[in-house]
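As a plain string of letters, each chain reads:
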Amino acid sequence: MRKMERMRIAALSVAAAFLLAVTGCGKDDSGKAYLDEVKAEDYVKLGEYKGLEVVQPMPEVTEEQRDAYINYILSLNPSDGAKEGDTVNIDYAGTMDGVAFDGGTASGQNLTLGSNRFIEGFEEGLIGAKAGDTVELNLTFPEDYHAELAGKPVVFMVTVNTIMASQPQELNDAFVKGLDNGCSTVEEYRQYVNDLLMEDATAAYENAIENSLVNMLMESSEFTKEPPKAMVDSYEEVLTANLTAEAAGYGMTLEQLMSLGYGMDETSYAGEIRKQAERFARQSLMLQAIADKENLNVSEEELQEGMEEIAAAGSYESVEKLKEDVDARRYKESMMAQKVMGMLRENAAVSAG
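In this report, the structure presented in the accompanying data block is examined. (Residues numbered from 1 in each chain as written. Predicted model: local features only at pLDDT ≥ 70, side-chain atom pairs only at ≥ 80, totals over all residues. Heavy atoms only, no water.)

1. Some remarks on the nonpolar core
Piece 1. Among the nonpolar cores identified, the biggest contains 51 residues, and Met-258, Met-307, Val-340 and Leu-344 are the most heavily contacted of them.
Piece 2. Listed by contribution, the elements that provide at least two residues to this core are helix H4 (186–220), helix H5 (229–249), helix H6 (254–262), helix H7 (266–294), helix H8 (300–313), helix H9 (319–322) and helix H10 (328–347).
Piece 3. With ten residues, the top contributor of residues to this core is H7.
Piece 4. Grouped together as the second largest cluster of nonpolar side chains are 24 residues, Leu-137, Leu-149, Val-154 and Ile-163 included. (Core = buried A, V, L, I, M, F, W, Y, C linked by side-chain atoms within 4.5 Å. Buried < 20%, exposed > 50% of the residue type's maximum accessible area, 1.4 Å probe, protein only. Helix = DSSP H or I, 4+ residues; strand = E, 2+ residues; numbered from the N terminus.)

2. Notes on the side chain of Asn-89
Piece 1. Residue position: Asn-89 is located in strand S3 (residues 87–96).
Piece 2. Ignoring any residue separated from it by four or fewer positions in sequence, one finds Asn-89 in contact with Gly-108, Gln-109, Asn-110, Thr-159, Val-160, Asn-161 and Thr-162. (Contact = heavy atoms within 4.5 Å.)

3. Digging into unusual backbone geometry
Piece 1. At Asn-77, a residue that is not glycine, the phi angle is positive and equals roughly 50°.
Piece 2. With respect to the helices and strands, the residue Asn-77 is situated in the loop between helix H2 (63–75) and S3.
Piece 3. With a phi angle near 55°, Asn-295 is a residue other than glycine that sits in the positive phi range.
Piece 4. Tracing the chain through its elements places Asn-295 in the loop between H7 and H8.
Piece 5. Overall, Asn-295 belongs to the exposed group, its relative accessible area being 67%.

See below:
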């Protein structure tokens, strides 16, 4: 992970960033947390927002990018399981006499089989395991190990998340057909991958344009007073929750992620999260002011339709059940942001430079 100059939220598309705030943010009774509780123009004097000029290189996919992706797929999760020299990503939990011990549990660890990083028998016991397998390893710590563990029997339960083979499989028609993606030949698959990567590149292109438009507007707009404290608090809460969830995905605490991934201590990252929450609150008020001016607010009918689509696409039996997990007022704000960004994008002058 690379160190950050700004929190990850700053790199998200505007609509995606708004959606982060949909779940789990309530209202602080001491203030106004939602856009429908304030008059946005009281907080911001808008700059020019139509006809903005953005320079953004056109999306492209090179042969090198396509081939790198294909080589990744050829190396991922070989059908005959892990072999010496392969790198496995694993979760493991070690117990001694049925009790977990310090340092014996981890998630998302990369281990090259044959590197001898782990005690004897651990890496050997994963030979032949396939992605998704859970393997029980009954081992013994060496006599010269740490005093409290030396010579003791231990049981490791190891789940293999992914395998990256040291020797990629051969790219041929038989391999392509086994991928079950509608392709039958190598040439069809190369075109399929090219199209797939172009979709990603195009999405990144549009996100970059959105972020450029918002940054330009933030610089040209005048924020006449501070956003409501409760609004900033709610965005701070969701930013912290999302970073905490990201840390858990790496098997870390938030403190560990901030220290190892971003080089920040608790005081530093708390201050950075607060700063980003304040910026997001200002951004929200700015977009709301544009929506008010351009008649782009979301009606209750539009909100109902949007939530019905989400409920139908998910596992919710009704919109009422969905609303138990999703803050409808926040989702309405995200729909507004998407409408405003659509208008800004339609009226922008975009060139490749």
